[in-house]
Each structure stands twice: as C-alpha cells, then as structure tokens.
Amino acid sequence: MRTLSISFDKKLFDEGSESQKRQIKYGELLDSSDIIVFVKNHHSPKFLSDKVKVWPTNSSGKISYIFNAIRLSREISKQKKIDVVISQDPLFSGLTGFVVSKIIKAKHLTSVFGDNIYDSYWRRESWLRYPLYFVGVFILQKADAIQADGLKTVDDLKKRFHGKVFWKPIIPTDIESFSRPKEPHDGINILFVNRLIPQKNLPMLVRVIEGIYKKNFQNRPIFTVVGDGYLRDKFEKSLKKR
C-alpha cells in the first residue's frame, strides 16, 4: 500500500525526533509513505528511510497551505500510484485531504485524535468552532474511513458512521522509556501522559502536583510527566517557580 499523509507535524524535520521514529516504523508496514507537512519556513524534502519521504509546503501563509499541498500531491502522484490519503484531523488537513484524494483518485482516511467535534465542550471553547464543526461533519461523512485514538471517541463515532470507524492506539516507539526506574521507590508514583496543550488544563495539573508535595507523606512522591506540545516550556517554568 502507498500512502500520502497531510500533516502539521513540523518535528518530522527534526533529526532523531519521536515523530520521525514513529513514521519510520509505520513505513516498514507500507510500500511507500509520503508525508506533506504544512510549514512556512524553508525546508527541503527529505527521506526518513527508503520508504518514507517528507515534503514541506514552504508556504508564505496559512491560506496557501492547501494550494501548495495540492501542487505537491500532483507531483507525487505522477511518480507513483497513491492508494490512500491520510489527514491528521477532519478540519483543515481533512479538507485538504478530501480535495487531494479526489484529484489523485485515492481513498481518504481521516483522523480524530484528541478532539472530537461532536463534543459540546469542544464547540464552546471558541465561536470559530461552530463553523468548523460543519466542515468536520462534512469531511467525516465523505471520508472512506475514520481512525480515532480514544475508545470513547470510537464508540461515539461508530454510532454515526458505523463500520468505517476503527481504533488506532498511539504507541511510543521507545516503550522502554515507560518502564519503572532502576532505583527502588516505596512511595507514590504518579504518571501523567498527554499532550501539553491548553485543552489539557495544565494549570490545574500544576496545582495538583503542588498539592501532592505539600502532603506529609512518609516517602516523597514521584510525579512523572510524559508528553510534548507548544506549552512545554511554559509548563516547565511554572514548575520551577514553585
């Protein structure tokens, strides 16, 4: 199978990143994997492996993302027959993936990772979410398949789209990093695994960590945070201040 993905993940250009490692692993299961990444800064196309290649849009602004992605998809489809176009969400990349799949005559697989547009809390976060909701519904309806990482989300989407919805767990490439530390610890071990973004309510997490350490435990608890996101630096600084 030959896939073409539409992605926002700029870390695919960072040597040795988790994103690169994950896509290389996925590529081992495919005949080829081409990934178009929405970026503004100048990058060069690069092979992550003999099967995986990353293509930057090098756009002047967000408006031109979709047009540059279409141009690249045409270029890629001239080199090989693409079987499936994969979009990262049912919104902007989903709309791009839908258009691209029609142009190059491929199936469209869209993703629902984290945010479910049918969640009323998601729509309340911003007035912009309301017009985006209708875009998302259209893309999900037209998609040939939908992958989601949350079991609750899968159950919700299956009620609407039935058999074309499936569960895709997100598994780290280095699973050993989640193993217990070599040094024994008899106290409380707390693990938080998530994206470091506003929707995860990181200020509350900081208050929880602070509250736990104020408790008079016999053994000092260990609180481990695993994740990444554009709020990581701000999150780390807020912990150091306490």
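Residues numbered from 1 in each chain as written. Predicted model: local features only at pLDDT ≥ 70, side-chain atom pairs only at ≥ 80, totals over all residues. Heavy atoms only, no water.

S.K.: Can you break down the overall build of the chain residue by residue, with the values?
M.R.: From N to C terminus, the chain includes eight helices and ten strands. Split into buried and exposed, the 242 residues of the chain put 41% on the buried side. For the chain, long-range pairs separated by at least 24 residues make up 58% of all intrachain contacts whose partners lie at least 6 apart in sequence. Only carbon and sulfur atoms are counted for the fraction: they give 55% of the accessible area of the chain, which is about 15,000 Å². For the chain, the distance from the average position of its 43 positive side-chain charges to the average position of its 26 negative side-chain charges is 6 Å. (Helix = DSSP H or I, 4+ residues; strand = E, 2+ residues; numbered from the N terminus. Buried < 20%, exposed > 50% of the residue type's maximum accessible area, 1.4 Å probe, protein only. Contact = heavy atoms within 4.5 Å. Areas by Shrake-Rupley, 256 points an atom, 1.4 Å probe, with all protein chains shown as cover. Lys, Arg positive; Asp, Glu negative; His and termini not counted. Charge placed at Lys NZ, Arg CZ, Asp CG, Glu CD.)

S.K.: How would you summarise the confidence of the model for the chain if you had to cite specific residues and measurements?
M.R.: Here the chain averages 87 in pLDDT, and 92% of its residues register 70 or above. The least confident element of the chain, judged by mean pLDDT, is helix H7 (residues 202-214) at 80; the most confident is strand S5 (residues 84-87) at 97. (pLDDT = per-residue confidence, 0-100.)

S.K.: Give me the lowdown on a positive patch on the surface, citing residues and values where you can.
M.R.: There is a patch of like positive charges on the surface, built from Lys-234, Lys-237, Lys-240 and Lys-241. By the secondary structure assignment, Lys-240 is in helix H8 (residues 232-240). On the basis of relative accessible area, Lys-240 is assigned to the exposed category, the value being 69%. (Patch = residues over 30% accessible without salt bridge, like charges linked within 9 Å, V, L, I, M, F, W, Y side chains within 5 Å. Salt bridge = Lys/Arg side-chain N within 4 Å of Asp/Glu carboxyl O.)

S.K.: Talk me through the layout of surface pockets; I want residue IDs and the actual numbers.
M.R.: Quantified by volume, the second largest pocket comes out at close to 340 Å³. Tallied by class, residues from the lining of the second largest pocket come to two nonpolar, four polar and five charged. (1 Å grid on protein atoms, 1.4 Å probe; cavity = no way out; pocket = protein on both sides within 12 Å on 5 of 7 lines; lining within 4 Å. Points joined across faces, edges and corners; volume = space filled by probe spheres on them. Nonpolar A, V, L, I, M, F, W, Y, C, P; charged D, E, K, R; others polar.)

S.K.: Account for the pairing of strand S7 (residues 145-148), with residues named and values stated.
M.R.: Of the two faces of S7, the one holding Ala-145 and Gln-147 and the one holding Ile-146 and Ala-148 are both buried throughout. In terms of strand pairing, strand S6 (residues 107-112) meets S7 through four bridges, oriented parallel. Of the residues in S7, the one forming a bridge with Thr-110 is Ile-146. Of the pairings in the sheet, the one linking S7 to strand S8 (residues 165-167) comprises three bridges and is parallel in character. What sits directly across from Ile-146, in S8, is Val-165. Each parallel crossover has a hand, and the one from S7 via helix H6 (residues 151-161) to S8 is right-handed. (Pairing = 2+ DSSP bridges. Right-handed = clockwise from strand over helix to strand, strands pointing away.)

S.K.: Quick rundown of the packing of H7 against H8? Include the residues and the values.
M.R.: One way to put it is that H7 packs onto H8 with a least axis distance of 11 Å and a crossing angle of 30°. Our classification of the angle between H7 and H8 gives roughly parallel. Helix-helix and strand crossings are classified by hand; for H7 and H8 the assignment is right-handed. Residues Leu-202, Leu-205, Val-206 and Ile-209 of H7 lie in contact with H8, whose contacting residues are Phe-235, Ser-238 and Leu-239. Of the residues assigned to the contact of H7 with H8, the class counts are six nonpolar, one polar and no charged. (Axes fitted to C-alpha atoms, helices over the stretch in contact; angles between N-to-C directions. Parallel < 35°, antiparallel > 145°, perpendicular 65-115°, else oblique. Left-handed = near helix turned anticlockwise from the far one by under 90°.)

S.K.: How would you sum up unusual backbone geometry? Please name residues and give values.
M.R.: One non-glycine residue, Asn-58, lies in the positive phi region at around 50°. Counting through the fold element by element, Asn-58 comes out in the loop between strand S4 (52-56) and helix H2 (65-79). The backbone of His-162 sits at a positive phi, close to 55°, despite the residue not being glycine. Judged by relative accessible area, which is 54%, His-162 ranks as exposed.

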